[in-house]
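# Architecture and fold: a report
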Amino acid sequence: MLHSLPSMLGSKSVTPQSAFGKVLRDLRKSRGLSQEALAHEAELQRNFVSLIERGHNQPSIGTLWKLAGALQVRPSAIIEDVERIMVPEADSKSA
């Protein structure tokens, strides 16, 4: 139902990029990794990780896979967490 996604989005102040950045930062910190350590594990530049976390850049699918591998989570788990931020009511509907 991709065509209905815009109507599902919650707060307009939260963008997909900022939600992804928050999820990435939270996962990184929960694993005790610095941006530099995450970047090294994912074979990315540290400043790129910083830009993603701040919502200034967005990762490609390939980069998502690298980040997920470095964080030892499924790429879909990251996207699910972003969706929970973007569409909070979806979390309660699926429960």
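Residues numbered from 1 in each chain as written. Predicted model: local features only at pLDDT ≥ 70, side-chain atom pairs only at ≥ 80, totals over all residues. Heavy atoms only, no water.

## Describing the environment of Thr-63
Its place among the elements puts Thr-63 in helix α5 (residues 61–71). Look at Thr-63 and you get buried, because its relative accessible area is 9%. Spatially, the C-alpha atoms of Thr-63 and Glu-43 are 9.2 Å apart, while their sequence positions differ by 20 residues. When sequence neighbours within four positions are dropped, the list of residues in contact with Thr-63 reads Leu-44, Phe-48 and Ile-52. (Helix = DSSP H or I, 4+ residues; strand = E, 2+ residues; numbered from the N terminus. Buried < 20%, exposed > 50% of the residue type's maximum accessible area, 1.4 Å probe, protein only. Contact = heavy atoms within 4.5 Å.)

## Section: the nonpolar core
In terms of nonpolar packing, the biggest core is built from 20 residues, with Phe-20, Leu-24, Leu-38, Leu-67, Ile-78 and Val-82 touching the most fellow members. Among the secondary structure elements, those contributing two or more residues to this core are α2 (16–30), α3 (35–42), α4 (46–53), α5 and α6 (75–86). Contact partners of Leu-24, with chain neighbours within four places excluded, come to Leu-38, Ile-52, Glu-53, Leu-67 and Leu-71. (Core = buried A, V, L, I, M, F, W, Y, C linked by side-chain atoms within 4.5 Å.)

## Regarding the packing of α2 against α5
Contact pair α2 / α5: the axes reach a minimum separation of 10 Å and the direction vectors enclose 25°. The angle between the axes of α2 and α5 places the two elements in the roughly parallel class. As for the relative orientation of α2 and α5, their crossing is left-handed in sense. In this structure, α2 uses Phe-20, Leu-24, Leu-27 and Arg-28 to contact α5, whose residues at the interface are Leu-64, Leu-67 and Leu-71. Looking at the contact of α2 with α5 residue by residue, the class counts come to 6 nonpolar, no polar and 1 charged. (Axes fitted to C-alpha atoms, helices over the stretch in contact; angles between N-to-C directions. Parallel < 35°, antiparallel > 145°, perpendicular 65-115°, else oblique. Left-handed = near helix turned anticlockwise from the far one by under 90°. Nonpolar A, V, L, I, M, F, W, Y, C, P; charged D, E, K, R; others polar.)

## Observations regarding the confidence of the model for the protein
Overall, the prediction assigns the protein a mean pLDDT of 87, with 80% of residues at 70 or greater. Ignoring residues within four places in sequence, the model shows residues 1–11, a span with pLDDT below 50, making 6 contacts including any to other chains. (pLDDT = per-residue confidence, 0-100.)

## A few points about the pattern of salt bridges
By the definition in use, this model includes 5 salt bridges. In this structure, the salt-bridge partner of Asp-26 is Lys-22, at a minimum N-O distance of 2.7 Å. Placement of the pair is Asp-26 and Lys-22 together in helix α2, with a separation of 4 residues, close to one helical turn. For Glu-80, the salt bridge is made with Arg-74, and the minimal N-O distance between the two is 3.8 Å. (Salt bridge = Lys/Arg side-chain N within 4 Å of Asp/Glu carboxyl O.)

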